[in-house]
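# Breakdown of the fold
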Amino acid sequence: MSSIENEGRDGFSSRFGIICAAAGSAIGLGNIWRFPYIVGESGGGAFLLIYLGFILLLGIPVMLSEFVIGRRAQRNALGSFKRLAPGKPWYLVGVMGIVAAFMILAFYSTIAGWTLEYIVKSLTNSFSGKSPDQIALMFDNFHTQALWPLVWQLVFMFMTAWIIVSGVKKGIEKYAKVLMPFLVILLIIMAVRSLTLPGAGEGLAFLFRPDFSAIDSNVLLAALGQAFFSLSIGMGTLITYGSYIRKDNKLGNIAVEVSVADTLIALLAGVAIFPAVFAFQVDPAGGPGLIFNVLPGIFQQMPGGYFFGVIFFILLAIAALTSSISILEVIVAYLTEELSMTRRKATVMATSAAAFVGMFCTLSFGALEGFTISGLHVFDLLDFTASNLLLPLGGLMIVLFVGWYMKGVDVKDEITNGGVVRARFTGALRFILRFVAPVAIAVVLFDSLGII
Ligand code: TRP
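Attention now goes to the environment of Arg246. Mapped onto the fold, Arg246 is located in the loop between helix H11 (237-242) and helix H12 (251-279). Judged by relative accessible area, which is 36%, Arg246 ranks as partly exposed. With 114 residues separating them along the chain, Arg246 and Pro132 place their C-alpha atoms 49 Å apart. Discounting residues that sit within four places of it in the chain, Arg246 has contacts with Phe12, Ser13 and Arg71. Reaching out from Arg246, the side chain makes a polar contact with the side chain of Asp248 at a distance of 3.0 Å.

Below you can see the structure in the form of C-alpha coordinates.
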(Lines give C-alpha, C1' and ligand atoms only; values in the text may rest on other atoms or scores of the structure.)
Protein backbone atom coordinates (compact mmCIF):
# COMPACT_ATOMS: atom_id res chain seq x y z
CA MET A 1 0.00 0.00 0.00
CA SER A 2 1.32 3.41 -0.83
CA SER A 3 1.80 5.98 1.85
CA ILE A 4 -1.35 7.74 2.97
CA GLU A 5 -1.30 11.54 2.85
CA ASN A 6 -2.18 13.70 5.79
CA GLU A 7 -5.66 14.67 4.52
CA GLY A 8 -5.69 17.90 6.46
CA ARG A 9 -6.01 16.18 9.85
CA ASP A 10 -5.05 18.11 12.91
CA GLY A 11 -1.48 17.42 13.90
CA PHE A 12 1.59 18.49 15.79
CA SER A 13 3.22 21.50 14.23
CA SER A 14 6.80 20.80 15.23
CA ARG A 15 9.18 18.06 16.25
CA PHE A 16 9.48 19.72 19.63
CA GLY A 17 5.70 19.65 19.95
CA ILE A 18 5.42 15.93 19.34
CA ILE A 19 8.28 15.13 21.70
CA CYS A 20 6.63 17.22 24.39
CA ALA A 21 3.24 15.65 23.83
CA ALA A 22 4.51 12.07 23.72
CA ALA A 23 6.75 12.66 26.71
CA GLY A 24 3.84 14.42 28.39
CA SER A 25 1.79 11.30 27.87
CA ALA A 26 4.49 8.97 29.11
CA ILE A 27 5.60 11.04 32.09
CA GLY A 28 2.90 11.14 34.71
CA LEU A 29 1.63 9.36 37.77
CA GLY A 30 3.12 6.20 36.30
CA ASN A 31 6.61 7.51 37.01
CA ILE A 32 6.10 9.28 40.30
CA TRP A 33 3.23 7.46 41.98
CA ARG A 34 3.08 3.98 40.41
CA PHE A 35 6.76 3.23 39.80
CA PRO A 36 7.88 3.66 43.45
CA TYR A 37 5.00 1.71 44.89
CA ILE A 38 5.42 -1.18 42.45
CA VAL A 39 9.18 -1.23 43.07
CA GLY A 40 8.41 -1.27 46.78
CA GLU A 41 6.00 -4.17 46.47
CA SER A 42 8.32 -6.08 44.16
CA GLY A 43 11.37 -6.10 46.39
CA GLY A 44 13.53 -3.34 44.90
CA GLY A 45 16.77 -3.71 42.93
CA ALA A 46 16.16 -6.91 41.00
CA PHE A 47 12.80 -5.61 39.85
CA LEU A 48 14.50 -2.43 38.69
CA LEU A 49 17.01 -4.30 36.54
CA ILE A 50 14.29 -6.33 34.89
CA TYR A 51 12.19 -3.23 34.39
CA LEU A 52 15.09 -1.48 32.61
CA GLY A 53 15.65 -4.55 30.45
CA PHE A 54 11.99 -4.60 29.44
CA ILE A 55 12.04 -0.89 28.55
CA LEU A 56 15.01 -1.42 26.26
CA LEU A 57 14.07 -4.71 24.67
CA LEU A 58 10.28 -4.45 24.56
CA GLY A 59 9.23 -0.90 25.38
CA ILE A 60 11.12 0.99 22.71
CA PRO A 61 10.21 -1.49 19.91
CA VAL A 62 6.52 -1.43 20.88
CA MET A 63 6.53 2.36 21.03
CA LEU A 64 8.13 2.61 17.63
CA SER A 65 5.63 0.09 16.26
CA GLU A 66 2.74 2.18 17.52
CA PHE A 67 4.18 5.26 15.82
CA VAL A 68 4.62 3.29 12.59
CA ILE A 69 1.03 2.07 12.63
CA GLY A 70 -0.46 5.44 13.48
CA ARG A 71 1.54 7.55 11.09
CA ARG A 72 1.12 5.11 8.24
CA ALA A 73 -2.64 4.80 8.69
CA GLN A 74 -3.39 8.41 9.68
CA ARG A 75 -6.15 7.17 11.91
CA ASN A 76 -7.17 6.55 15.51
CA ALA A 77 -6.18 3.38 17.37
CA LEU A 78 -9.03 1.29 15.98
CA GLY A 79 -9.36 2.89 12.55
CA SER A 80 -5.64 2.39 11.94
CA PHE A 81 -5.99 -1.39 12.05
CA LYS A 82 -9.10 -1.27 9.87
CA ARG A 83 -7.25 0.79 7.34
CA LEU A 84 -4.01 -1.18 7.26
CA ALA A 85 -5.74 -4.57 7.47
CA PRO A 86 -9.17 -4.14 5.87
CA GLY A 87 -11.60 -6.95 6.52
CA LYS A 88 -9.28 -8.63 9.02
CA PRO A 89 -9.86 -9.06 12.76
CA TRP A 90 -6.82 -6.91 13.66
CA TYR A 91 -9.15 -4.04 14.54
CA LEU A 92 -9.93 -6.01 17.71
CA VAL A 93 -6.57 -4.82 19.02
CA GLY A 94 -8.02 -1.32 18.75
CA VAL A 95 -11.20 -2.39 20.53
CA MET A 96 -9.12 -3.79 23.35
CA GLY A 97 -7.16 -0.54 23.50
CA ILE A 98 -10.32 1.49 23.88
CA VAL A 99 -11.55 -0.77 26.68
CA ALA A 100 -8.15 -0.40 28.37
CA ALA A 101 -8.34 3.38 27.95
CA PHE A 102 -11.62 3.49 29.89
CA MET A 103 -10.23 1.33 32.66
CA ILE A 104 -7.00 3.29 33.00
CA LEU A 105 -8.77 6.64 32.93
CA ALA A 106 -11.09 5.40 35.67
CA PHE A 107 -8.40 4.51 38.19
CA TYR A 108 -5.90 7.13 37.03
CA SER A 109 -8.34 9.89 37.93
CA THR A 110 -8.64 8.52 41.47
CA ILE A 111 -4.95 9.09 42.09
CA ALA A 112 -4.92 12.36 40.17
CA GLY A 113 -7.72 13.47 42.47
CA TRP A 114 -5.56 12.66 45.48
CA THR A 115 -2.84 14.93 44.09
CA LEU A 116 -5.36 17.78 43.88
CA GLU A 117 -6.21 17.29 47.54
CA TYR A 118 -2.49 17.35 48.29
CA ILE A 119 -2.15 20.70 46.53
CA VAL A 120 -4.73 22.08 48.93
CA LYS A 121 -3.21 20.34 51.96
CA SER A 122 0.18 21.84 51.06
CA LEU A 123 -1.26 25.28 50.43
CA THR A 124 -2.98 25.30 53.81
CA ASN A 125 0.25 24.14 55.46
CA SER A 126 -1.47 21.05 56.88
CA PHE A 127 1.70 18.99 57.15
CA SER A 128 3.58 21.50 59.24
CA GLY A 129 5.09 20.00 62.39
CA LYS A 130 3.58 16.56 61.71
CA SER A 131 5.51 13.35 62.32
CA PRO A 132 5.69 10.66 59.60
CA ASP A 133 3.02 8.73 61.52
CA GLN A 134 0.71 11.71 61.62
CA ILE A 135 1.25 12.31 57.92
CA ALA A 136 0.32 8.70 57.22
CA LEU A 137 -2.76 9.08 59.37
CA MET A 138 -3.82 12.18 57.43
CA PHE A 139 -3.58 10.23 54.21
CA ASP A 140 -5.60 7.41 55.71
CA ASN A 141 -8.32 9.75 56.89
CA PHE A 142 -8.49 11.43 53.54
CA HIS A 143 -8.43 8.59 51.04
CA THR A 144 -10.88 6.31 52.83
CA GLN A 145 -13.67 8.87 52.97
CA ALA A 146 -16.19 9.27 50.17
CA LEU A 147 -16.84 12.92 49.53
CA TRP A 148 -13.58 14.72 48.81
CA PRO A 149 -11.81 12.00 46.86
CA LEU A 150 -14.86 11.86 44.58
CA VAL A 151 -15.07 15.62 44.23
CA TRP A 152 -11.40 15.86 43.27
CA GLN A 153 -11.69 12.97 40.86
CA LEU A 154 -14.55 14.67 39.05
CA VAL A 155 -12.68 17.98 39.02
CA PHE A 156 -9.72 16.23 37.41
CA MET A 157 -11.94 14.48 34.85
CA PHE A 158 -13.52 17.80 34.00
CA MET A 159 -10.12 19.42 33.43
CA THR A 160 -9.07 16.55 31.20
CA ALA A 161 -12.24 16.84 29.14
CA TRP A 162 -11.90 20.58 28.87
CA ILE A 163 -8.42 20.33 27.35
CA ILE A 164 -9.52 17.62 24.94
CA VAL A 165 -12.48 19.62 23.63
CA SER A 166 -10.19 22.46 22.68
CA GLY A 167 -8.39 20.28 20.09
CA VAL A 168 -5.08 18.59 19.47
CA LYS A 169 -2.66 21.39 18.77
CA LYS A 170 -4.01 24.13 20.93
CA GLY A 171 -4.84 21.80 23.78
CA ILE A 172 -2.13 19.24 24.15
CA GLU A 173 0.91 20.98 22.79
CA LYS A 174 0.51 24.18 24.73
CA TYR A 175 0.28 22.51 28.12
CA ALA A 176 2.96 19.92 27.57
CA LYS A 177 5.65 22.31 26.38
CA VAL A 178 6.57 24.52 29.25
CA LEU A 179 6.02 22.69 32.48
CA MET A 180 7.82 19.38 32.54
CA PRO A 181 11.35 20.80 32.90
CA PHE A 182 10.24 22.35 36.18
CA LEU A 183 9.09 18.99 37.46
CA VAL A 184 12.50 17.53 36.71
CA ILE A 185 14.30 20.33 38.55
CA LEU A 186 12.06 19.89 41.56
CA LEU A 187 12.61 16.13 41.61
CA ILE A 188 16.36 16.69 41.58
CA ILE A 189 16.10 19.03 44.56
CA MET A 190 13.92 16.52 46.39
CA ALA A 191 16.34 13.70 45.58
CA VAL A 192 19.21 15.69 47.08
CA ARG A 193 17.23 16.30 50.28
CA SER A 194 16.11 12.71 50.49
CA LEU A 195 19.64 11.39 49.95
CA THR A 196 20.97 13.51 52.80
CA LEU A 197 18.43 12.30 55.35
CA PRO A 198 19.87 10.10 58.11
CA GLY A 199 19.45 6.48 57.07
CA ALA A 200 19.16 7.26 53.37
CA GLY A 201 21.69 4.60 52.39
CA GLU A 202 19.29 1.81 53.15
CA GLY A 203 16.82 3.20 50.61
CA LEU A 204 19.48 3.43 47.94
CA ALA A 205 20.52 -0.14 48.63
CA PHE A 206 16.91 -1.27 48.36
CA LEU A 207 16.54 0.44 45.00
CA PHE A 208 19.86 -0.48 43.43
CA ARG A 209 21.11 -3.68 45.07
CA PRO A 210 19.43 -6.56 43.29
CA ASP A 211 18.18 -9.47 45.34
CA PHE A 212 17.28 -12.04 42.72
CA SER A 213 15.59 -14.33 45.19
CA ALA A 214 12.73 -11.80 45.15
CA ILE A 215 11.97 -12.59 41.50
CA ASP A 216 9.07 -14.79 40.56
CA SER A 217 6.59 -14.79 37.69
CA ASN A 218 4.41 -12.19 39.40
CA VAL A 219 7.33 -9.82 39.70
CA LEU A 220 8.18 -10.31 36.03
CA LEU A 221 4.59 -9.49 35.09
CA ALA A 222 4.62 -6.45 37.38
CA ALA A 223 7.77 -5.19 35.64
CA LEU A 224 6.24 -5.75 32.22
CA GLY A 225 3.02 -4.01 33.20
CA GLN A 226 4.88 -1.09 34.76
CA ALA A 227 7.12 -0.69 31.69
CA PHE A 228 4.11 -0.57 29.37
CA PHE A 229 2.09 1.66 31.67
CA SER A 230 4.89 4.14 32.13
CA LEU A 231 5.67 4.38 28.42
CA SER A 232 1.96 4.73 27.54
CA ILE A 233 2.16 1.75 25.19
CA GLY A 234 -0.02 -1.24 24.42
CA MET A 235 -3.39 0.44 24.00
CA GLY A 236 -3.05 2.81 21.08
CA THR A 237 -2.24 6.12 22.76
CA LEU A 238 0.89 6.33 20.68
CA ILE A 239 -0.87 5.01 17.57
CA THR A 240 -3.20 7.96 17.97
CA TYR A 241 -0.33 10.40 18.64
CA GLY A 242 1.69 8.77 15.85
CA SER A 243 -1.05 9.70 13.43
CA TYR A 244 -0.43 13.35 14.33
CA ILE A 245 3.33 13.16 13.72
CA ARG A 246 4.54 14.90 10.58
CA LYS A 247 5.95 12.80 7.78
CA ASP A 248 9.43 14.30 8.08
CA ASN A 249 9.94 13.55 11.78
CA LYS A 250 12.10 10.55 12.64
CA LEU A 251 10.03 7.98 14.49
CA GLY A 252 12.99 6.00 15.84
CA ASN A 253 14.59 9.02 17.42
CA ILE A 254 11.33 10.12 18.99
CA ALA A 255 10.72 6.66 20.47
CA VAL A 256 14.22 6.51 21.98
CA GLU A 257 14.15 10.05 23.33
CA VAL A 258 10.72 9.68 24.92
CA SER A 259 11.61 6.32 26.48
CA VAL A 260 14.89 7.60 27.88
CA ALA A 261 13.23 10.69 29.35
CA ASP A 262 10.46 8.62 30.89
CA THR A 263 12.89 6.15 32.42
CA LEU A 264 15.19 8.83 33.82
CA ILE A 265 12.27 10.52 35.53
CA ALA A 266 11.10 7.26 37.08
CA LEU A 267 14.63 6.66 38.37
CA LEU A 268 14.78 10.18 39.71
CA ALA A 269 11.47 9.65 41.50
CA GLY A 270 12.87 6.43 42.94
CA VAL A 271 15.97 8.20 44.22
CA ALA A 272 13.83 10.95 45.72
CA ILE A 273 11.46 8.57 47.45
CA PHE A 274 13.25 5.44 48.68
CA PRO A 275 15.87 7.06 50.92
CA ALA A 276 13.00 8.89 52.62
CA VAL A 277 10.90 5.72 52.82
CA PHE A 278 13.62 4.12 54.92
CA ALA A 279 14.55 7.27 56.82
CA PHE A 280 10.91 7.70 57.91
CA GLN A 281 10.48 3.95 58.41
CA VAL A 282 7.54 3.66 56.05
CA ASP A 283 6.73 0.19 54.67
CA PRO A 284 8.03 0.15 51.05
CA ALA A 285 5.41 -2.47 50.20
CA GLY A 286 2.60 -0.36 51.60
CA GLY A 287 0.80 0.08 48.27
CA PRO A 288 -0.69 3.00 46.32
CA GLY A 289 -0.42 5.46 49.21
CA LEU A 290 3.38 5.31 49.32
CA ILE A 291 4.24 8.74 47.91
CA PHE A 292 1.43 10.43 49.83
CA ASN A 293 2.85 9.06 53.06
CA VAL A 294 6.44 9.94 52.26
CA LEU A 295 6.69 13.13 50.20
CA PRO A 296 5.11 15.55 52.69
CA GLY A 297 7.74 14.38 55.16
CA ILE A 298 10.53 15.29 52.75
CA PHE A 299 9.14 18.78 52.30
CA GLN A 300 8.95 19.11 56.09
CA GLN A 301 12.70 18.59 56.24
CA MET A 302 13.56 21.18 53.58
CA PRO A 303 14.24 24.87 53.80
CA GLY A 304 11.44 26.41 51.75
CA GLY A 305 9.56 23.13 52.01
CA TYR A 306 6.18 24.83 52.04
CA PHE A 307 6.89 26.45 48.73
CA PHE A 308 8.44 23.33 47.17
CA GLY A 309 5.57 21.16 48.36
CA VAL A 310 2.92 23.35 46.82
CA ILE A 311 4.74 23.62 43.50
CA PHE A 312 5.50 19.90 43.42
CA PHE A 313 1.91 18.76 43.83
CA ILE A 314 0.76 21.31 41.26
CA LEU A 315 3.32 20.03 38.75
CA LEU A 316 2.42 16.43 39.55
CA ALA A 317 -1.23 17.17 38.84
CA ILE A 318 -0.23 18.78 35.54
CA ALA A 319 1.93 15.80 34.64
CA ALA A 320 -1.09 13.62 35.36
CA LEU A 321 -3.20 15.86 33.15
CA THR A 322 -0.89 15.62 30.13
CA SER A 323 -1.13 11.84 30.54
CA SER A 324 -4.87 11.63 31.10
CA ILE A 325 -5.59 13.74 28.02
CA SER A 326 -3.58 11.26 25.98
CA ILE A 327 -5.73 8.42 27.30
CA LEU A 328 -9.00 10.26 26.68
CA GLU A 329 -7.78 11.26 23.22
CA VAL A 330 -7.69 7.57 22.23
CA ILE A 331 -11.41 7.24 22.88
CA VAL A 332 -12.35 10.63 21.47
CA ALA A 333 -10.34 10.16 18.26
CA TYR A 334 -12.12 6.85 17.77
CA LEU A 335 -15.60 8.27 18.39
CA THR A 336 -15.07 11.27 16.13
CA GLU A 337 -13.40 9.46 13.24
CA GLU A 338 -15.21 6.15 13.21
CA LEU A 339 -18.63 7.12 14.55
CA SER A 340 -18.65 10.69 13.18
CA MET A 341 -19.44 12.28 16.53
CA THR A 342 -18.54 15.88 17.20
CA ARG A 343 -15.49 16.32 19.36
CA ARG A 344 -17.56 17.87 22.09
CA LYS A 345 -20.15 15.12 22.20
CA ALA A 346 -17.50 12.40 22.06
CA THR A 347 -15.62 14.01 24.93
CA VAL A 348 -18.69 14.40 27.11
CA MET A 349 -19.77 10.80 26.56
CA ALA A 350 -16.35 9.24 27.07
CA THR A 351 -15.59 11.35 30.13
CA SER A 352 -18.93 10.59 31.76
CA ALA A 353 -18.55 6.86 31.24
CA ALA A 354 -14.98 6.81 32.56
CA ALA A 355 -15.93 9.02 35.52
CA PHE A 356 -18.78 6.67 36.40
CA VAL A 357 -16.49 3.66 36.55
CA GLY A 358 -13.86 5.82 38.21
CA MET A 359 -16.09 6.57 41.17
CA PHE A 360 -16.12 2.89 42.06
CA CYS A 361 -12.32 2.90 41.98
CA THR A 362 -12.18 5.84 44.34
CA LEU A 363 -14.71 4.35 46.72
CA SER A 364 -12.90 1.03 46.78
CA PHE A 365 -10.45 2.53 49.30
CA GLY A 366 -13.30 3.22 51.69
CA ALA A 367 -16.98 2.42 51.42
CA LEU A 368 -16.50 -0.32 48.83
CA GLU A 369 -13.34 -1.79 50.29
CA GLY A 370 -15.06 -5.07 51.05
CA PHE A 371 -16.35 -5.44 47.52
CA THR A 372 -13.72 -7.66 45.92
CA ILE A 373 -13.39 -9.96 42.95
CA SER A 374 -10.82 -12.72 43.41
CA GLY A 375 -9.35 -10.81 46.31
CA LEU A 376 -8.91 -7.48 44.49
CA HIS A 377 -11.09 -4.45 45.11
CA VAL A 378 -12.30 -2.41 42.12
CA PHE A 379 -9.27 -0.15 41.92
CA ASP A 380 -6.72 -2.97 42.05
CA LEU A 381 -8.80 -5.09 39.74
CA LEU A 382 -8.95 -2.43 37.02
CA ASP A 383 -5.29 -1.53 37.46
CA PHE A 384 -4.20 -5.16 37.28
CA THR A 385 -6.43 -6.03 34.35
CA ALA A 386 -5.52 -2.99 32.29
CA SER A 387 -1.83 -2.62 33.14
CA ASN A 388 -0.71 -6.20 33.55
CA LEU A 389 -3.02 -7.98 31.12
CA LEU A 390 -4.47 -5.71 28.44
CA LEU A 391 -1.37 -3.57 27.83
CA PRO A 392 1.02 -6.52 27.42
CA LEU A 393 -1.53 -8.33 25.27
CA GLY A 394 -2.01 -5.19 23.18
CA GLY A 395 1.77 -4.80 22.91
CA LEU A 396 2.09 -8.40 21.81
CA MET A 397 -0.48 -7.92 19.05
CA ILE A 398 1.14 -4.64 17.99
CA VAL A 399 4.60 -6.17 17.50
CA LEU A 400 3.06 -9.15 15.71
CA PHE A 401 1.18 -6.76 13.44
CA VAL A 402 4.23 -4.71 12.52
CA GLY A 403 6.62 -7.67 12.51
CA TRP A 404 4.52 -10.20 10.62
CA TYR A 405 1.43 -8.64 9.07
CA MET A 406 2.79 -5.39 7.65
CA LYS A 407 5.15 -5.65 4.71
CA GLY A 408 8.81 -5.16 5.59
CA VAL A 409 9.19 -2.51 2.92
CA ASP A 410 6.25 -0.53 4.29
CA VAL A 411 7.63 -0.61 7.82
CA LYS A 412 11.03 0.43 6.57
CA ASP A 413 9.48 3.15 4.47
CA GLU A 414 7.79 4.58 7.54
CA ILE A 415 10.86 4.34 9.77
CA THR A 416 13.18 5.87 7.17
CA ASN A 417 10.67 8.51 6.05
CA GLY A 418 10.63 7.02 2.56
CA GLY A 419 14.35 6.29 2.44
CA VAL A 420 15.46 9.75 3.54
CA VAL A 421 16.66 8.71 6.98
CA ARG A 422 19.51 6.29 7.33
CA ALA A 423 18.39 3.58 9.71
CA ARG A 424 21.04 0.97 10.25
CA PHE A 425 19.05 -0.66 12.99
CA THR A 426 16.11 -1.82 10.87
CA GLY A 427 17.48 -5.36 10.51
CA ALA A 428 17.91 -5.82 14.25
CA LEU A 429 14.60 -4.14 14.87
CA ARG A 430 12.79 -6.48 12.55
CA PHE A 431 14.32 -9.46 14.32
CA ILE A 432 13.19 -8.08 17.68
CA LEU A 433 9.69 -7.35 16.41
CA ARG A 434 9.24 -10.76 14.83
CA PHE A 435 10.85 -13.04 17.39
CA VAL A 436 12.34 -11.56 20.54
CA ALA A 437 9.53 -9.25 21.65
CA PRO A 438 6.56 -11.54 20.93
CA VAL A 439 8.21 -14.50 22.63
CA ALA A 440 9.31 -12.48 25.65
CA ILE A 441 5.93 -10.82 26.18
CA ALA A 442 4.06 -14.07 25.65
CA VAL A 443 6.27 -15.99 28.06
CA VAL A 444 5.97 -13.43 30.86
CA LEU A 445 2.23 -12.98 30.33
CA PHE A 446 1.20 -16.60 29.95
CA ASP A 447 3.61 -17.86 32.57
CA SER A 448 2.18 -15.64 35.27
CA LEU A 449 -1.33 -16.60 34.22
CA GLY A 450 -0.39 -20.23 34.62
CA ILE A 451 -1.04 -20.95 30.94
CA ILE A 452 2.46 -22.28 30.37
N1 TRP B 1 2.16 6.71 30.98
C2 TRP B 1 1.31 7.54 31.77
C3 TRP B 1 1.94 7.67 33.14
O4 TRP B 1 3.02 7.19 33.34
C5 TRP B 1 -0.10 7.05 31.82
C6 TRP B 1 -0.65 6.78 30.47
C7 TRP B 1 -0.95 7.68 29.52
C8 TRP B 1 -0.89 5.53 29.89
N9 TRP B 1 -1.39 7.06 28.38
C10 TRP B 1 -1.35 5.73 28.59
C11 TRP B 1 -0.72 4.25 30.38
C12 TRP B 1 -1.63 4.67 27.77
C13 TRP B 1 -1.03 3.20 29.56
C14 TRP B 1 -1.45 3.39 28.27
O15 TRP B 1 1.39 8.23 34.03
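Moving on, we get to the site of the ligand. Not every one of the 17 residues close to the ligand is listed here, only the nearest: Ala26, Gly30, Tyr108, Phe229 and Ser232. Within the backbone of Ala26, one N or O atom sits 2.8 Å away from an oxygen atom of the ligand. Considered on its own, the ligand offers 360 Å² of accessible surface; in the complex 100% of this is hidden by protein. Of all the secondary structure elements, the ones that give two or more residues to the shell around the ligand are helix H1 (15-26), helix H2 (29-41), helix H5 (91-123), helix H10 (217-231) and helix H14 (305-338). By residue class, the composition of the shell around the ligand is 8 nonpolar, 9 polar and no charged.

A complete count under the given rule lists 32 aromatic pairs for this structure. With 5.4 Å between their ring centres and 75 degrees between their planes, Phe356 and Phe360 make a pair best called edge-to-face. Of this pair, Phe356 and Phe360 both sit in helix H15 (residues 343-363), 4 residues apart, which is roughly one turn of the helix. Assessed through its relative accessible area of 52%, Phe356 is described here as exposed. Between Arg34 and the ring centre of Phe229, over which it is positioned, the NZ or CZ distance is 4.9 Å.

Moving on, we come to the packing of helix H3 (residues 45-73) against H12. Their axes nearest at 9 Å, the elements H3 and H12 cross at an angle of 145 degrees. Relative to H12, H3 is oriented so that their crossing is right-handed. Contacts between H3 and H12 involve Leu48, Tyr51, Leu52, Ile55, Ile60, Met63, Leu64, Phe67, Val68 and Arg71 on the former and, on the latter, Leu251, Gly252, Ile254, Ala255, Val256, Val258, Ser259, Asp262, Thr263, Ala266 and Leu267. Counted by class, the contact of H3 with H12 contains 16 nonpolar, 3 polar and 2 charged residues.

On to a nonpolar patch on the surface, then. Judged by side-chain polarity, Val439, Val443, Leu449, Ile451 and Ile452 come together as a nonpolar surface patch covering roughly 480 Å² of accessible area. On the secondary structure map, Leu449 appears in the segment after helix H18 (426-448).

Counted according to the given criterion, the structure contains 9 salt bridges. A single salt-bridge network, built from bridges that share partners, covers Arg71, Arg72, Lys247, Asp410, Asp413 and Glu414.

Structurally, Asn417 is set in the loop between helix H17 (408-415) and H18. You can call Asn417 buried: its relative accessible area is 14%. A polar atom in the side chain of Asn417 sits 3.4 Å from the backbone oxygen of Asp248. Setting aside its immediate chain neighbours within four residues, Asn417 contacts Arg71, Lys247, Asp248, Asn249 and Lys250.

Calculation notes
- Residues numbered from 1 in each chain as written.
- Predicted model: local features only at pLDDT ≥ 70, side-chain atom pairs only at ≥ 80, totals over all residues.
- Heavy atoms only, no water.
- Helix = DSSP H or I, 4+ residues; strand = E, 2+ residues; numbered from the N terminus.
- Buried < 20%, exposed > 50% of the residue type's maximum accessible area, 1.4 Å probe, protein only.
- Contact = heavy atoms within 4.5 Å.
- Polar contact = N/O pair within 3.5 Å; in protein donor to acceptor, adjacent residues only side chain to side chain.
- Near = heavy atom within 4 Å.
- Areas by Shrake-Rupley, 256 points an atom, 1.4 Å probe, with all protein chains shown as cover.
- Nonpolar A, V, L, I, M, F, W, Y, C, P; charged D, E, K, R; others polar.
- Phe/Tyr/Trp six-rings, centres within 6.5 Å; stacked < 30°, edge-to-face > 60°.
- Lys NZ or Arg CZ within 6 Å of the ring centre and 35° of its normal.
- Axes fitted to C-alpha atoms, helices over the stretch in contact; angles between N-to-C directions.
- Left-handed = near helix turned anticlockwise from the far one by under 90°.
- Patch = residues over 30% accessible without salt bridge, like charges linked within 9 Å, V, L, I, M, F, W, Y side chains within 5 Å.
- Salt bridge = Lys/Arg side-chain N within 4 Å of Asp/Glu carboxyl O.

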